[in-house]
Amino acid sequence: MPDPQPAERRNITLAVTGASGAIFARHMLQALESDARVAVVNLVASDSAMRVMAEELAFAGRSNLVQQLLGAEPRKTQLQANADIGANIASGSYPVDAMIVLPCSMGTLARIATGLSMHLIERAADVCLKEKKPLVLCVRETPLNKVHIRNMGLAADAGATIYPLIPAFYNLPPSFDAMARNFAHRVLKHVGLSQQDAYVWKG
């Protein structure tokens with residue numbers, strides 16, 4: 001992918017919450033880190049997300065989270081503390097082009113849908129909504145109760161995109177990694193970052 005002009009490079013926020021599906025967050029971060037059109041990735045992980053990543057990805061503790069997710073030293077990813085409501089992405093004056101919450105727990109969805117900005121993840125999402133920037137919530141739960149469904153409707157009415165964490169099977173993915181990578185590519189296309197190696201159905 002050719003290196004774009006600096007004005008075209010984007011700032012993306014990636015939030016990871018405590019729902020199952022850490023492998024999807026890993027492939028999303030790897031795709032963002034390697035995309036020449038992305039200047040900065042602000043990564044925020046909740047405490048519950050840290051526990052899930054440790055269990056699902058067999059991380060060795062909470063240190064070096066970005067390196068463990070990427071499998072290499074980061075070049076553009078900045079880790080933000082979820083408790084730091086004074087971080088850059090908490091302000092509408094900071095330029096954010098899109099925010100992706102992957103996976104998005106029902107608790108995080110509820111706080112975003114009702115405007116309860118208790119932590120940085122919800123505050124950054126609230127900023128995206130008020131600044132009319134793309135906010136993609138990759139919700140992960142089953143079955144859904146009426147509260148979940150109601151909150152998805154509220155978030156969608158506020159301007160968020162509800163993008164359920166449902167992987168595709170029509171491309172016959174050979175592994176969990178391939179499945180997670182394909183899902184990440186589909187979400188990135190939705191925010192204007194189509195990937196060159198993304199699977200395209202040809203009929």
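Residues numbered from 1 in each chain as written. Predicted model: local features only at pLDDT ≥ 70, side-chain atom pairs only at ≥ 80, totals over all residues. Heavy atoms only, no water.

### Points about the pairing of strand β2 (residues 38-45)
Applicable threshold: In this scheme, a residue with accessible area under 20% of its type's maximum is buried, one over 50% is exposed, and one in between is partly exposed, where area comes from a 1.4 Å probe on protein chains only. Numbering of helices and strands runs from the N terminus; a helix is a DSSP stretch of H or I covering at least four residues, while a strand is a stretch of E covering at least two. Note on pairing: DSSP must find at least two bridges between two strands before they are called paired. Orienting the strands away from the viewer, one traces the path from the first strand over the helix to the second; a clockwise path indicates a right-handed crossover.
Burial within β2 is extensive, with seven of its eight residues counted as buried. Inspection of the sheet shows strand β1 (residues 10-16) paired to β2 by seven bridges, in the parallel sense. Each bridged residue has a counterpart across the sheet, and for R10 the counterpart in β2 is V38. Where the polypeptide runs from β1 across helix α1 (residues 22-34) and back to β2, its parallel neighbour, the crossover connection is right-handed. In this sheet, strand β3 (residues 77-81) lies alongside β2 in parallel orientation, the contact comprising five bridges. Residue pairing for β3: L43 is matched across the bridge by L79.

### Let's talk about the sheet that holds strand β5 (residues 135-139)
Counted only if it meets this: Residue contacts follow a heavy-atom distance rule, with two residues in contact if any of their heavy atoms lie within 4.5 Å. Angular values range over 0 to 180 degrees, each being the angle between N-to-C directions of two axes fitted as lines to C-alpha atoms, with helices fitted over their stretch in contact.
Strand order across the open sheet formed by six strands is β3-β2-β1-β4-β5-β6, with parallel pairing between neighbours. Here the strands that pair on one side only, and so sit at the sheet edges, are β3 and β6 (161-162). Bridge count for β5 against β6 is two bridges, and the pairing is parallel. Looking at the pairing, L137 lines up with I162 of β6. Contacts between α1 and the sheet are confined to β1, β2, β3 and β4 (98-104), with β1 contributing the most and set at about 165° to the helix. On the sheet, helix α4 (residues 106-113) packs against β4, β5 and β6 and is oriented at approximately 145° with respect to β5.

### A word on the pattern of salt bridges
The line we're drawing: By salt bridge we mean one thing: a side-chain nitrogen of Lys or Arg within 4 Å of a carboxyl oxygen of Asp or Glu.
Using the criterion set out here, one finds five salt bridges in the structure. Residue R123 pairs with D126 through a salt bridge whose shortest N-O separation is 3.4 Å. With R123 and D126 both in helix α5 (residues 120-130) and three residues apart, this pair spans about one turn of that helix. For D126, a relative accessible area of 24% corresponds to the partly exposed category. We note a salt bridge from E131 to K130, for which the minimum N-O separation is 2.7 Å. Look at E131 and you get partly exposed, because its relative accessible area is 34%.

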